[in-house]
Amino acid sequence: MTTHRMPRHRSPKPLADPNRPVERAVMAALILAVLAGLAWICGMIYTVATWPL
């Protein structure tokens, strides 16, 4: 009877450390972009809602 060993699976290491300044800058830019988009949408809704018909 042959014995089969289970392969050793190692979890892959993350490509970049989340505490790196570049990662933080990208996240900050994405958050600012989302906030700017939401502000633009709210401004458009306000403009259309107050448009003199």
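This structure is a prediction, so every number in the text was calculated from the model and none was measured.

## Quick word on the overall build of the chain
Summing up its helical and strand segments, the chain has 1 helix and 0 strands in all. Counting only residues that meet the buried cut, the chain has 0% of its 53 residues in that class. Working note: accessible area of the chain is about 5,900 Å², and carbon and sulfur atoms make up 69% of it.

## Here's the deal with the environment of Thr50
Topologically, Thr50 is positioned in the segment after α1 (21-49). From its side chain, Thr50 meets the backbone oxygen of Tyr46 in a polar contact 2.8 Å long.

What counts, and at which threshold
Residues numbered from 1 in each chain as written. Predicted model: local features only at pLDDT ≥ 70, side-chain atom pairs only at ≥ 80, totals over all residues. Heavy atoms only, no water. Helix = DSSP H or I, 4+ residues; strand = E, 2+ residues; numbered from the N terminus. Buried < 20%, exposed > 50% of the residue type's maximum accessible area, 1.4 Å probe, protein only. Areas by Shrake-Rupley, 256 points an atom, 1.4 Å probe, with all protein chains shown as cover. Polar contact = N/O pair within 3.5 Å; in protein donor to acceptor, adjacent residues only side chain to side chain.

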